[in-house]
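A closer look at the structure
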Amino acid sequence: MNVLIIGSGGREHCLVWKIAQSKLVNHLFAIPGNAGIAQIAKCEDIPVLKENFKDILIFIKKNKIDFTVIGPEAPLVDGIVDFLNENNCLAFGPDKIAAQIEGSKVFTKRICMKYGIPAANAVFFKKSELENAIKYINNLKDDNFPYVIKADGLAAGKGVIITKNKSELRDALTGFFVEEKFGKSGDEVIIEDFISGFEISLLCLCDGNILIPMDLAQDYKKIYDNDIGGNTGGMGSYSPLTFISGALYEKILNKIIFPTFNALKAEGINYKGILYGGIIVRENEPFLLEYNCRFGDPETQAVLPRLKDDILPLLINCTNGTLKDTKLNWENNKTVCVVLASKGYPESSSKGDIISGLENIAQESKVLVFHAGTKKDSDKIVTNGGRVLNIIASAETFKEARNIVYDSIKKIKFNGMQFRKDIALKVEEI
Ligand SMILES: Nc1ncnc2c1ncn2[C@@H]1O[C@H](COP(=O)(O)OP(=O)(O)O)[C@@H](O)[C@H]1O
Ligand SMILES: [Mg+2]
């Protein structure tokens, strides 16, 4: 069959790489793709915006595409799956109503409250309630800070602010409601308790009726080592999480993941695609931070290389509601993914810098290179965004995988390249 992948990041390169191994695949396409994806799929440069869904449909029909996999959240939240289904095209991912699980943090928090799913205590304010919100903040106890304030809608990972005192919280609130820094996404906000703990990512395959969890992963959101500096889309990841006990894992599934999936069903929502739980663990108790409605980036790049199964039938079964109680098969190894970012990231990103040394890595079978912000410029590959490349290795131990990844990074160069040196360091002795 012919398969199209929508998106242009490391996650999509990883999906294309994995899907390319399927025995069901005939031709692979990507919109818009990147320089790495272009080596295995035919790329078409259509911007993935709501106003271009029509053009994507035309491309699908023209190229006789049988199945489309949606990588990023924005088109899902904008209803691309509904649109493609209405036009008789099969597409992987939740429909518009189901994608609210990521598209509206208020929607998800209401589900948690109604169904008793553990999450931080929260209050909501709409833009029209600015005065009430200020009063609420003024009445908070200084000792109870930090508090977290979040935009309801999508904000590309920048809509969450952790505030240390009332003045910071009021400033953040004004940023949402008065300065409108996040546009419509900030028309409603959540103010919630801060939970301190460690975070994990759990990606689950869903077919509307059945949910199958994949192996756990952890990502690194801050730009600098030791979790210092600004938030990024993710600077690295590793999988599996061998330090999570069976008992804690059961709690995550039975108190958070399955109750949410059942709650969605009870609300009449047929959730198909990836349900990605962002969980924080405090004193061995898991709390839901958020849900995402798609594969995580860069978690996917650490999880899928370990999946032994052909992914394409799994994705198709999710879409058709035929997942049954499939058992996933995993390599018994450890995978580390390190992101190479461009100069100025995350505040800005540099474009057009020549990337050299990639050819020195291609021959090494143990290393995978997934492109993110890259572009072909005549015979050169150049940077084209904040996160540029993902370097991945799998080995018997995290230590070994780390060594392979960091040795390979030494061979790659571009102006202003930055990366974290502590990815999976804390687990290397486990
Ligand atoms: N209640 C909370 N307590 C502690 N940290 C939080 C809380 N909510 C969010 N965070 C931190 O902020 C990050 C981003 O929040 P999240 O809800 O995942 O939103 P998004 O990924 O959409 O930006 C989380 O990964 C976590 O580190
Ligand atoms: Mg998050």
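Our subject is the structure that appears above.
So, here's what we can say about the structure. (Residues numbered from 1 in each chain as written. Chains lettered and ligands numbered in written order. Predicted model: local features only at pLDDT ≥ 70, side-chain atom pairs only at ≥ 80, totals over all residues. Heavy atoms only, no water.)

**Brief notes about unusual backbone geometry**
How we decide: Helical segments are the DSSP runs of H or I of at least four residues, strand segments are the runs of E of at least two, and each set is numbered from the N terminus.
Look at the link from Ile31 to Pro32: it is a cis peptide, with omega at -10°. Mapping Pro32 onto the fold places it in strand 2 (residues 28–32). The step from Asp297 to Pro298 runs through a cis peptide bond, and the omega angle for that step is 20°. In this structure, Pro298 sits in the loop between strand 17 (285–292) and helix 10 (299–303).

**Thoughts on the site of ligand 1**
Short version of the rule: Here a residue is near a molecule or strand as soon as one of its heavy atoms is found within 4 Å of it. Throughout this description, a polar contact denotes any pair of N or O atoms lying within 3.5 Å of each other; where both atoms belong to protein, one of them has to be capable of donating a hydrogen while the other can accept it, and for residues adjacent in sequence the pair is counted only when both atoms sit in side chains. To measure how exposed things are, a 1.4 Å probe is used in the Shrake-Rupley method; for residues, cover is taken only from the protein chains shown. In this classification, Asp, Glu, Lys and Arg are treated as charged, Ala, Val, Leu, Ile, Met, Phe, Trp, Tyr, Cys and Pro as nonpolar, and every other residue, Gly included, as polar. An automatic or database domain assignment supplies the start and end points of every domain.
Near ligand 1 lie 13 residues; those nearest to it are Lys105, Glu192, Ile195, Glu199 and Glu290. One nitrogen or oxygen atom from the main chain of Ile195 is found 2.8 Å from a nitrogen atom belonging to ligand 1. Take Glu199: an N or O atom from its side chain is 2.4 Å from an oxygen atom of ligand 1. In the complex, 85% of the free accessible area of ligand 1, which totals 540 Å², lies under the protein chains. For the shell around ligand 1, the secondary structure elements donating two or more residues are strand 7 (147–151), strand 9 (188–193) and strand 17. Tallied by class, residues from the shell around ligand 1 come to 6 nonpolar, 1 polar and 6 charged. Taken together, domain 2 (121–193) and domain 3 (198–320) each give at least three residues to the shell around ligand 1, which thus spans both.

**Examining the packing of aromatic side chains**
Spelled out, the test is: Here the aromatic set is Phe, Tyr and Trp, taking the six-membered ring for Trp, and pairing holds for ring centres within 6.5 Å; pairs whose planes are under 30 degrees apart are stacked, those over 60 apart are edge-to-face, and all others are tilted. Throughout this description, buried means an accessible area under 20% of the type-specific maximum (1.4 Å probe, protein chains only), exposed means over 50%, and partly exposed covers the range between. By definition here, charges over rings are those cases where NZ of Lys or CZ of Arg is within 6 Å of the ring centre and within 35 degrees of the ring normal.
According to the stated counting rule, one finds 11 aromatic pairs in the structure shown. Geometrically, the ring pair formed by Phe29 and Phe59 is edge-to-face, given 5.7 Å between the ring centres and 80° between the ring planes. Remark: Phe59 occurs in helix 2 (residues 53–62) and Phe29 occurs in strand 2; sequence separation between them is 30 residues. What makes Phe29 buried here is its relative accessible area of 6%. On the accessibility criterion, Phe59 (4% relative accessible area) is buried. Aromatic rings pair up to connect Tyr220, Tyr238 and Phe398 into one cluster. A cation over an aromatic ring shows up here: Lys421 above the ring of Phe419, its NZ or CZ 4.5 Å from the ring centre.

**A few points about the side chain of Ser239**
We apply this condition: Throughout, a contact is declared for two residues whenever any of their heavy atoms are within 4.5 Å.
Within the secondary structure, Ser239 is located in strand 15 (residues 236–239). Among the residues examined, Ser239 registers a relative accessible area of 0% and is labelled buried. Of note is the side chain of Ser239, whose polar atom sits 2.7 Å from the backbone oxygen of Leu216. Ignoring any residue separated from it by four or fewer positions in sequence, one finds Ser239 in contact with Asp215, Leu216, Ala217, Ala302, Val303, Arg306, Asn333, Lys334, Thr335 and Phe398.

**Overview of the pairing of strand 22 (residues 380–384)**
In plain terms, the rule: A pair of strands is labelled paired if DSSP reports no fewer than 2 bridges between them.
Inspection of the sheet shows strand 19 (residues 351–354) paired to strand 22 by 2 bridges, in the antiparallel sense. Across the sheet, Lys351 pairs through a bridge with Asn384, a residue of strand 22. Both strand 21 (residues 374–377) and strand 22 contribute to a ladder of 4 bridges, which runs antiparallel. Across the sheet, Thr374 pairs through a bridge with Thr383, a residue of strand 22. The loop that links strand 21 with its antiparallel partner strand 22 comprises 2 residues; one of these, Ser378, has a positive phi angle of about 45°.

**What about the packing of helix 6 (residues 105–115) against helix 9 (residues 246–266)?**
Where we set the bar: Each axis is a line fitted through C-alpha atoms, and for a helix only the stretch in contact is used; angles between axes span 0 to 180 degrees, taken between their N-to-C directions. We call two directions roughly parallel when the angle between them is under 35 degrees, roughly antiparallel when it is over 145, roughly perpendicular when it lies between 65 and 115, and oblique otherwise.
Packing of helix 6 against helix 9 leaves a shortest axis separation of 10 Å and a crossing angle of 100°. By the criterion of interaxial angle, the relationship of helix 6 to helix 9 is roughly perpendicular. Across from Phe107, Ile111 and Tyr115 in helix 6, the residues of helix 9 making contact are Ala263, Leu264 and Ala266. Classifying every residue of the contact of helix 6 with helix 9 gives 6 nonpolar, no polar and no charged.

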